[in-house]
Amino acid sequence: MENNDIPATTLIGLGPVGRAAARTLLAHGHRVTLWNRTAAKAEPFRDEATIASDPAEAVSANGTVLLCLTDHEALYDVLGPVERLLAEKTVVNLSSGTPPQAREAARWVAGRGGDYLSGAFMSVGDDLSHPLSHVLFSGRRDVFERHAALLSPLGPRHYFGEDPGLAQVYNQALLSVVHPFALAVEQSAATFEGWGVPAEDFVPHLERLTDVLKAFVPVLATTSEDVNAELAPDRMMEASARHAADTSAEVGVDAFLVRAVRDHYAARAA
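Residues numbered from 1 in each chain as written. Predicted model: local features only at pLDDT ≥ 70, side-chain atom pairs only at ≥ 80, totals over all residues. Heavy atoms only, no water.

Section: the overall build of the chain
Then, in step 1: For the chain, the count of helices and strands is 11 helices and 8 strands.
Then, in step 2: Every one of the 270 residues in the chain was classed for burial, and the buried ones make up 39%.
Then, in step 3: Nonlocal contacts in the chain, meaning residues at least 24 apart in sequence, comprise 61% of its contacts between residues at least 6 apart.
Then, in step 4: Accessible surface for the chain amounts to roughly 14600 Å². Of this, 57% is attributable to carbon and sulfur atoms. (Helix = DSSP H or I, 4+ residues; strand = E, 2+ residues; numbered from the N terminus. Buried < 20%, exposed > 50% of the residue type's maximum accessible area, 1.4 Å probe, protein only. Contact = heavy atoms within 4.5 Å. Areas by Shrake-Rupley, 256 points an atom, 1.4 Å probe, with all protein chains shown as cover.)

Written out as structure tokens, the structure is:
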């Protein structure tokens, strides 16, 4: 006999993070129904989860549907043909998108009689168990609280308010730091290697630098022009970025991010 006390959910989308979410929920004893457009990605879970044959079967299986899709447009591709089944369902959208897209998705689901919760993973790669991984949420508080037991295995939860767009505000604003940072580290490592410095020598210094950068966040995040001008005079920053870009160029590294910084400060100084 099925134990209805065990949390049950449908998860649609088995990219790297979707697969990690499925493994995490199953490891915590949840009953999980999976569907993915490419069926082969669901096969490794066949012994532990229920594999739905199509979106209609997936949505019908449980009261809560987690979406781990590439973007918000994919929500309509997957759920549009089965929208009649969304009444009294809760859609937890963990796909990437913009705040207006999240708000529109919430309106769309509500118009079909369902509840909507906007979410986003801030994870260390696809390691949801990492101590620094967490999940951002916004939407109706009662919906968020009602699904606490189901969502808790995915990582520490941060709730930002009733506006479904807020989770994506936080997600995308934070990613605007993550993406350049990842590229900057790659360019830095390539520059070190180009000058013959082995990884075991420079990696500890990159790690130490990230700790130093924490001290700058409260200052750099302010909108005060006086503070920023005092911290970083434009001509000094232009020269510093120019030297960094030239050092990379000497060993064939295209440090385009640093060149963009150089050009930005040169334009401000002018």
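Having seen the model, we can carry on.
Digging into helix H10 (residues 234–249)
Then, in step 1: Between its first and last C-alpha, H10 extends 22 Å over 16 residues, near the 22 Å set by a 1.5 Å rise per residue.
Then, in step 2: Within H10 the residues assigned to the buried category are Asp234, Glu238, Ala239, Ala241, Ala245 and Ser248.
Then, in step 3: Where H10 is buried, its residues meet helix H7 (166–194) and helix H11 (256–269). (Expected span 1.5 Å × (residues − 1).)

Quick notes on the packing of H7 against helix H8 (residues 199–220)
Then, in step 1: Between H7 and H8, whose axes approach to 11 Å, the crossing angle comes to 150 degrees. In terms of axis orientation, H7 runs roughly antiparallel to H8. Relative to H8, the crossing made by H7 is right-handed. Along the contact surface, H7 presents Phe181, Val185, Ser188, Ala189, Phe192 and Glu193, while H8 presents Phe202, Leu206 and Thr210.
Then, in step 2: By residue class, the composition of the contact of H7 with H8 is 6 nonpolar, 2 polar and 1 charged. (Axes fitted to C-alpha atoms, helices over the stretch in contact; angles between N-to-C directions. Parallel < 35°, antiparallel > 145°, perpendicular 65-115°, else oblique. Left-handed = near helix turned anticlockwise from the far one by under 90°. Nonpolar A, V, L, I, M, F, W, Y, C, P; charged D, E, K, R; others polar.)

Details of unusual backbone geometry
Then, in step 1: Its identity is not glycine, yet Glu88 carries a phi of approximately 65 degrees, on the positive side.
Then, in step 2: Position of Glu88 among the secondary structure elements: in the loop between helix H3 (73–79) and strand E5 (90–93).

Examining the UniProt feature "domain: 6-phosphogluconate dehydrogenase NADP-binding" (unreviewed entry) in the chain
Then, in step 1: In the numbering used here, UniProt assigns the "domain: 6-phosphogluconate dehydrogenase NADP-binding" (unreviewed entry) feature to residues 10–156.
Then, in step 2: Here residues 10–156 is 33% helix and 22% strand, with 20 Å between the C-alpha atoms at its ends. (UniProt positions renumbered as here; feature names shortened; annotations may be inferred.)

Here we look at the sheet that holds strand E7 (residues 134–139)
Then, in step 1: Spatially, 8 strands are ordered E3-E2-E1-E4-E5-E6-E7-E8 in an open sheet, and the strand pairing comes out mixed. Pairing within the sheet leaves two strands with one partner each, and these edge strands are strand E3 (50–51) and strand E8 (157–159).
Then, in step 2: Examined bridge by bridge, strand E6 (residues 115–122) and E7 share 6 bridges and lie antiparallel to one another. Bridge pairing links Gly119 to Phe137 in E7.
Then, in step 3: Of the strands in this sheet, E6 and E7 touch H7, which is tilted by about 15 degrees from E6. (Pairing = 2+ DSSP bridges.)

Description of the environment of Arg23
Then, in step 1: One can find Arg23 in helix H1 (residues 16–27).
Then, in step 2: For Arg23, a relative accessible area of 43% translates into the label partly exposed.
Then, in step 3: Considering only alpha carbons, one finds Arg23 and Phe192, 169 residues apart in sequence, at a separation of 38 Å.

Observations concerning the pattern of salt bridges
Side chains that carry opposite charge are capable of pairing whenever their charged atoms lie near each other.
Then, in step 1: A complete count under the given rule lists 14 salt bridges for this structure.
Then, in step 2: Between Arg112 and Glu83 there is a salt bridge; the shortest N-O distance is 3.1 Å. In this pair, Arg112 is assigned in the loop between helix H4 (99–110) and E6 and Glu83 in the loop between H3 and E5, connecting sequence segments 29 residues apart.
Then, in step 3: Between Arg268 and Asp234 there is a salt bridge; the shortest N-O distance is 2.9 Å. Highlighted residues: Arg268 in helix H11 and Asp234 in helix H10, separated in sequence by 34 residues.
Then, in step 4: Bridged by salt links that share partners, the residues Asp115, Arg140, Asp142 and Arg146 form one connected network. (Salt bridge = Lys/Arg side-chain N within 4 Å of Asp/Glu carboxyl O.)

Digging into the nonpolar core
Then, in step 1: Core analysis: the biggest nonpolar cluster contains 28 residues, and Leu11, Leu34, Phe137 and Leu154 have the highest contact counts within it.
Then, in step 2: Looking at this core, the element that brings in the most residues is H1, giving 5 residues.
Then, in step 3: Among the nonpolar cores identified, the runner-up in size contains 20 residues, and Val59, Val78, Val91 and Tyr116 belong to it. (Core = buried A, V, L, I, M, F, W, Y, C linked by side-chain atoms within 4.5 Å.)

Some details on H8
Then, in step 1: For H8, which comprises 22 residues, the first-to-last C-alpha distance of 29 Å matches the rise-based estimate of 32 Å (1.5 Å per residue) to within 8%.
Then, in step 2: At Lys214, H8 shows its maximal kink, close to 30 degrees; a proline, Pro218, follows between one and four residues later. (Bend = angle between axes of the 7 residues up to and from the residue.)

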